[in-house]
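The lines below spell out each chain.
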Amino acid sequence: TPEIPLALVVDVGTGSVEMDLANLVLQSLTVDGGTGRMDIRLPENGDSYIFDLDVSTGGTTIIVPEGASLDINVDGGTGGLVIDIAEDAGVEVEVTDGGVGSFNLPPGFEKVRQGGDDDEGVWENKAYASTRTPVRVKLDIGTGSITIR
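Okay, so let's go over this structure. It should be emphasised that the depicted structure is a prediction, and the values quoted were computed from it without experimental measurement.

It is worth spelling out the side chain of Thr60 at this point. Looking at the element boundaries, Thr60 is found in strand β6 (residues 60-64). Ignoring anything within four residues of it in the chain, the contact list for Thr60 reads Arg37, Met38, Leu53, Val55, Gly80, Leu81 and Val82.

Let us now look at the sheet that holds strand β12 (residues 121-125). Pairing within the open sheet is mixed, and its eight strands lie in the order β1-β3-β5-β7-β13-β9-β12-β11. At either end of the open sheet lies a strand with only one pairing partner, and these are β1 (6-11) and β11 (109-114). Ignoring strand direction, the axes of neighbouring strands in this sheet form an average angle of 15°. For strand β9 (residues 91-97) and β12, the ladder comprises four bridges, and the chain directions are antiparallel. Among the inter-strand pairings, Glu92 is bridged to a residue of β12, identified as Glu124.

A few words on the nonpolar core. Ranked by size, the top nonpolar core spans 37 residues in total, and within it Val31, Phe51 and Val64 carry the most contacts. Leaving out residues up to four positions away in the same chain, Val31 has contacts with Val10, Val12, Met19, Met38, Ile40, Phe51, Asp52, Leu53 and Asp54.

So, how was this worked out
Residues numbered from 1 in each chain as written. Predicted model: local features only at pLDDT ≥ 70, side-chain atom pairs only at ≥ 80, totals over all residues. Heavy atoms only, no water. Helix = DSSP H or I, 4+ residues; strand = E, 2+ residues; numbered from the N terminus. Contact = heavy atoms within 4.5 Å. Pairing = 2+ DSSP bridges. Axes fitted to C-alpha atoms, helices over the stretch in contact; angles between N-to-C directions. Core = buried A, V, L, I, M, F, W, Y, C linked by side-chain atoms within 4.5 Å. Buried < 20%, exposed > 50% of the residue type's maximum accessible area, 1.4 Å probe, protein only.

Here it is in structure tokens:
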């Protein structure tokens, strides 16, 4: 129900999962991915929350709508991850462990702090400095590819 804020925990297991959370109000979201594909549409409201994601072996797509404000903490696995973020969102991406997988950002991101390795550090887009609804993504990449678009 959209009236009650939820602390939602999802343990996927095996099989494909499609989660449309667009009309919910979240306090937090924890998803432990399994072996199947996951498609997750996040809430469209401006309430800030934390989303912890363990990717595991299946491919995952996350849709972050316009006006969403959250911290996404990703523990990458062997599956690929695509994070679709609204074009005008203010976004910060921190790579804490580059792993052996690939990492792709859209044009317009600038590296603002170097990490321990060349593929680690913090990137921001221009809208991040002035946004009231920031999207912060923290990545431990693993062996799969991660694309933010």
